[in-house]
Structures are given as structure tokens and as C-alpha cells.
Amino acid sequence: MKFLYDDESFSFEALRAAGYAAYGGADLGEVLVTCRQIPEGDEEAWSAQWAATAARIERIGRDALAAGHRVSAREALLRASNYYRTADFYRRENPAADAESARLARASQQTFADAATLLDPPARALRIPYEDTTLPGYLFLADDSGTPRPTLLYHGGYDSTLEENYFALAAGALRRGYNVIAFDGPGQGSTVREQGLHFRPDWEAVVTPAVDFALAVPEVDAERLVLVGTSLGGYLAARAAAFEHRLAACVLHDGVDDFHEVAAATAGRAAATPGGMEALMAQNTMVRWVVRNGRWTFGVSDFDELLKATDAYTLAGVADRITCPTLVLDAENDQFFKGQPQRLLGELTCQKELILFREDEGAGEHCHEGAISLFHQRTFDWLDTVLAG
């Protein structure tokens, strides 16, 4: 679905940023005036213009807070956080040495942290024990009654951040009476830059400590703990659920059966391109970003190492170990994992359901960007039914 740009990646990321308007993460006018100043495919302009918008909106939030306008401050700071994240998105050539990338990431985290204290009730910042360190998270509560409620344990995927997780899922969950523990695992958000943690295929090693943590939170109903993973998180959450059996349900948003297959397809495209991978990256924004982000989040130096590292990211021989009810989501025009949700569904032996989101209802993009209300309606209606049963 084309949105503002012909470039597939720019179109998708602009739609992603705009889609969070449903939960206060954007204003459509702000998105439009920002994007019209960004030429097609110009990554430097993308970063500069989104950063300028983010700074302008952050100033509104800071001024409102200083004047005692709590709601106005919260709303502006939430939007600023999303815009700073968007500004940093393509800065992946060498993030470890990119001071501007680090600044933008910190600004996204800080504006959200400040907004989180202004939520009703305020979100609680968490540190979840993991091996010899901790993982960052937030506890979002539907109310301040202290009543144990069904709770989502939620993480993103290949490029999502803890702060984005509020817009992507938590805000919709809170409206429906669910609590949410959102967290960044290795390879996600601040864990890469600040802790040197990278993706790992045995994601149960990440989720099991998070489940241990969640079950010690008084507001969590231990019998109704649900794991949700977005994008590459559709593989990660499924892998974890195959070995962690204290879950009441699992939602794969969307279903991913084999991540290596995607990397191998990219290698095939490079082999068929005169000039190989370098030429393909120069020509294609999406490929360039996928390779650069993968090097960063997987902790490898080149695409060949990334290809090798993804080899273990498959659910073959694992999916049939999932025992909890599982919802597999699918997008008609998914540009990354097309066909994989249906294949994964066939490998599951638990109670299962697949929901296809179609292009003609505005929901056919990867992870249903631009149709977040429909995604939440169908997902939470399914969860309501399963948990009630």
C-alpha cells in the first residue's frame, strides 16, 4: 500500500509512524509536513527532518509540563518519542560510532520515560533479571486497584524499541482491561548500544526469566499470562512458547517460520545483481537497511556472517512443542515473510487460529501498519474468548 513515497521502505516507515496516531503517537498533519520536506530515498534528509519535528514537539511538551498542563505534556512527549525513533531508523551504517544516532535513541527513550510518568496510572520502569545483567521494561497497568488482571508479556522484533511497544500494543490492551509488561530482549532497543547484547535464536532463554519476573508482580494473573511477539518477534515468541509452558496463550504478530529463508532470498537477489550485494544495497533502500540493521543487532561484520547467523532461526522440529492456544496473524502483502504464517500454522499441533489481514481493508502491510485498530480488535477479541474459556 503506497503511502506518500514510491520507495517501498520510505512508504512503509512513514505509514508506521503515522499509524500510531491511533494512540497519540503521531498527528497526521505533523507526519505530512515532515515527509513533504524529505526527497524520495534521501536517508540524511529523513533523519534531519524527523529529528527537527521531534525537537519541535518535545519543546511543546516541555513547555506544557513547566506550565502544569499534564495532559498536553504527555501527548506531546509521546509524539516526540515516536518521531525521534523514526529519525534514527535509517542511521545504521555504523551506529556504534554515530553520535547522532545515539542522541536520537536517547531522546526517544527519555521523552517516553517522561511521558510514562504522566500516564493514568503512571507506567513503572522495570529491570528484568537476565543472565548476569537485566533487560529494560515497563509495567503498564489498566488501573491502580492492585487487582490481578490478564497480562501481556510483549516484545518486538528486528528493529522495534521498548518505547514503540506502547503504541504498537500496550495502549490498546490497557483500554480493554489488560496489563502489559513490555520489554526489550537482546538485540532490541537499548540493549544493543548500551549493553552489547545481540539476538539469539533460543529465545526461551530470554522469555523464561521474564515469565519468572511477571509471576512475581502482584497485578499479574498467573493463570492468564499471554506472550506476544511482533515481526521477527513472531519467530522469537513461538520459539519461546515451545519451551516455556506457563503461558495461557501466545500471539504471533505475524507468524514467522524461518528467518534464514528471508536472508537467503536476499543473498539470491544479490547474486543475480551485477555488482553483487554492494550494488543491490546501493539500489534498494529496504535491502540496505535490512543488512545494516542485521549487522548491528546480530553483532556480525558482514552479510555473509549475518546469513550464517540466521541459520538457526527456524521453527522446524520445534513448533509442535507449543501447547498453549496460539493466534497466528498474517498480512496479504507482507514484504518480508509472505507465506510463512500459513506454513507455521500447519506445523502447530496446539489449539490454533490464523487471521488474515487483507489489502482491501487497509491492513495488508507487514504487521498491519496503518490498521492498528483493526489489528487490536481482532487480536483482543480472540484473547478475550480464549482466556474466558
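Remember, predicted model here, so these are calculated numbers, not experimental data. (Residues numbered from 1 in each chain as written. Predicted model: local features only at pLDDT ≥ 70, side-chain atom pairs only at ≥ 80, totals over all residues. Heavy atoms only, no water.)

Focus: the environment of Ala363
Which entries qualify depends on this criterion: What counts as a helix is a DSSP run of H or I of at least four residues, what counts as a strand is a run of E of at least two, and both are numbered from the N terminus. Exposure is judged per residue with a 1.4 Å probe applied to protein chains only, and the accessible area is read against the type maximum: over 50% gives exposed, under 20% gives buried, and values in between give partly exposed. Whether two residues are in contact is decided by their heavy atoms, any of which lying within 4.5 Å being enough.
Here Ala363 lies in the loop between strand 8 (352–357) and helix 15 (372–388). For Ala363, a relative accessible area of 0% puts it in the buried group. Separated by 362 residues in sequence, Ala363 and Met1 place their C-alpha atoms 8.9 Å apart. Discounting residues that sit within four places of it in the chain, Ala363 has contacts with Ala331, Phe357, Arg358, His368, Ala371 and Leu374.

A closer look at the packing of aromatic side chains
Using the following cut-off: Stacked, edge-to-face and tilted are the three classes for Phe, Tyr and Trp ring pairs, Trp counted by its six-membered ring, which pair at centre distances within 6.5 Å; planes under 30 degrees apart are stacked, over 60 edge-to-face, the rest tilted.
The final tally for this structure, using the stated rule, is 29 aromatic pairs. Note on Phe112 and Tyr166: the rings are 5.7 Å apart at their centroids and 55° apart in plane angle, and the pair reads as tilted. One end of the pair, Phe112, is in helix 5 (residues 99–116); the other, Tyr166, is in helix 6 (residues 162–175), with 54 residues separating them in the sequence.

Quick look at the sheet that holds strand 8
Defined as follows: A pair of strands is labelled paired if DSSP reports no fewer than 2 bridges between them. Lines fitted to the C-alpha atoms define the axes, with helices restricted to the stretch that makes contact. Angles between their N-to-C directions range from 0 to 180 degrees.
Strand order in the open sheet made by the 8 strands is 1-2-4-3-5-6-7-8, with mixed pairing throughout. One side of each edge strand has no neighbouring strand; the edge strands of this open sheet are strand 1 (124–130) and strand 8. Sheet twist, expressed as the mean angle between neighbouring strand axes with direction ignored, is 25°. Pairing between strand 2 (residues 133–140) and strand 4 (residues 179–183): 4 bridges, direction antiparallel.

Things to note about the domain arrangement of the protein
Reports of interface size often rely on the accessible area that becomes lost once the parts have come together. Definition in use: These domain boundaries are the output of an automatic or database domain assignment. What counts as buried area is the accessible surface, traced by a 1.4 Å probe, that two parts surrender upon association, with contributions from both included. For this document, the term salt bridge refers to a Lys or Arg side-chain nitrogen within 4 Å of an Asp or Glu carboxyl oxygen.
Per the domain assignment, the segments making up the protein are domain 1 (1–118), domain 2 (121–258 + 313–388) and domain 3 (262–307). Summarising the inter-unit geometry, the C-alpha centres of domain 1 and domain 2 are found 24 Å apart. The interface of domain 1 with domain 2 comprises 29 residues on the first partner and 29 residues on the second. Taking both sides of the interface into account, the surface hidden between domain 1 and domain 2 amounts to around 2400 Å²; carbon and sulfur atoms contribute 61%. At the boundary of domain 1 and domain 2, one finds 3 salt bridges.

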